[in-house]
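Each chain, written out:
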Amino acid sequence: METTTEKNIATFTHLSALTQYFIPFGNFIFPIVLWTSKKDKSEFVDYSGKQILNFQLSLLLYTIALALIAIPILIFTIFNNVPLSTIIHEDSFVIDNFNFGDNLGLITLGLTTVFIFICLKAAEFFLIIYASIKTSNGEKYKYPITIPFIK
């Protein structure tokens, strides 16, 4: 049976991943600090800390993979048909000879990766809230789509 203190620390470990919206890499720094401070004293906190860190590392890996797909597609699509004689006026930038029909497949793939990224970030937010609620009730929560880096 977990004590109230253990439940609170485990809950704050999950919630601390939301600091990424205010502090760069806060989703790694704060969970690591909370987890390492109490992992030897509580099995529940140790389990929760491993889960949130594995989830954040998995999302980082998925984000890098999506960026490796989307960014080259974006660059290739934009600059594929752009001639070197792009017209630059005083107030505007005009690209001649750009044909969306020739690049529709690549544009669709790029937009799909952006959509998947947005869905991942939304799912991350709600899963962190859900996990913190479950943890505050004393239940062990395992995130979906998580690669177990830390065992």
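Here is a short report on the structure shown in this document. Because the structure is a prediction, the values reported are computed rather than measured. (Residues numbered from 1 in each chain as written. Predicted model: local features only at pLDDT ≥ 70, side-chain atom pairs only at ≥ 80, totals over all residues. Heavy atoms only, no water.)

## Some thoughts on helix α2 (residues 26–38)
Since there are 3.6 residues in each turn of an α-helix, residues three or four apart along the chain are aligned in direction.
Turning to step 1, where the next piece is worked out: Relative to the 18 Å expected for 13 residues at 1.5 Å per residue, α2 spans 18 Å between its end C-alpha atoms, a close match to the ideal helical length.
Turning to step 2, where the next piece is worked out: Looking at α2, one finds that the buried residues are Gly26, Asn27, Phe28, Pro31 and Trp35. (Helix = DSSP H or I, 4+ residues; strand = E, 2+ residues; numbered from the N terminus. Expected span 1.5 Å × (residues − 1). Buried < 20%, exposed > 50% of the residue type's maximum accessible area, 1.4 Å probe, protein only.)

## Let's talk about helix α4 (residues 104–136)
Turning to step 1, where the next piece is worked out: With 33 residues, α4 ought to run about 48 Å at 1.5 Å a step, and its terminal C-alpha atoms sit 48 Å apart, in line with that.
Turning to step 2, where the next piece is worked out: Listed as buried for α4 are Ile107, Gly110, Thr113, Leu120, Glu124, Leu127, Ile128, Ala131, Ser132 and Thr135.
Turning to step 3, where the next piece is worked out: Gly138, located one to two residues past α4, shows a positive phi value of around 90°.

## Side note on the nonpolar core
Turning to step 1, where the next piece is worked out: Grouped together as the largest cluster of nonpolar side chains are 14 residues, with contacts concentrated most on Ile52, Phe55, Leu127, Ile128, Tyr141 and Tyr143.
Turning to step 2, where the next piece is worked out: Within the residue set of this core, elements represented by two or more residues are α3 (43–80) and α4.
Turning to step 3, where the next piece is worked out: By residue number, the principal contributor to this core is α3, which donates five residues.
Turning to step 4, where the next piece is worked out: Apart from the residues lying within four places of it in its own chain, the contact partners of Tyr143 are His14, Gln51, Ile52, Phe55, Leu127, Ile128 and Ala131. (Core = buried A, V, L, I, M, F, W, Y, C linked by side-chain atoms within 4.5 Å. Contact = heavy atoms within 4.5 Å.)

## Considerations on the packing of aromatic side chains
Given two aromatic rings, one states the distance between the centres and the angle between the planes to describe the pair.
Turning to step 1, where the next piece is worked out: Counting across every chain of the model gives five aromatic pairs.
Turning to step 2, where the next piece is worked out: Aromatic side chains Phe55 and Tyr143 sit 4.2 Å apart centroid to centroid with 10° between the ring planes, which places their arrangement in the stacked category. Of the two residues, Phe55 is situated in helix α3 and Tyr143 in the segment after α4; the sequence distance between them amounts to 88 residues. Comparing Phe55 with Tyr143 shows no difference in burial state: the two are buried. (Phe/Tyr/Trp six-rings, centres within 6.5 Å; stacked < 30°, edge-to-face > 60°.)

Fair warning: the whole summary comes from geometry, so function is off the table for now.
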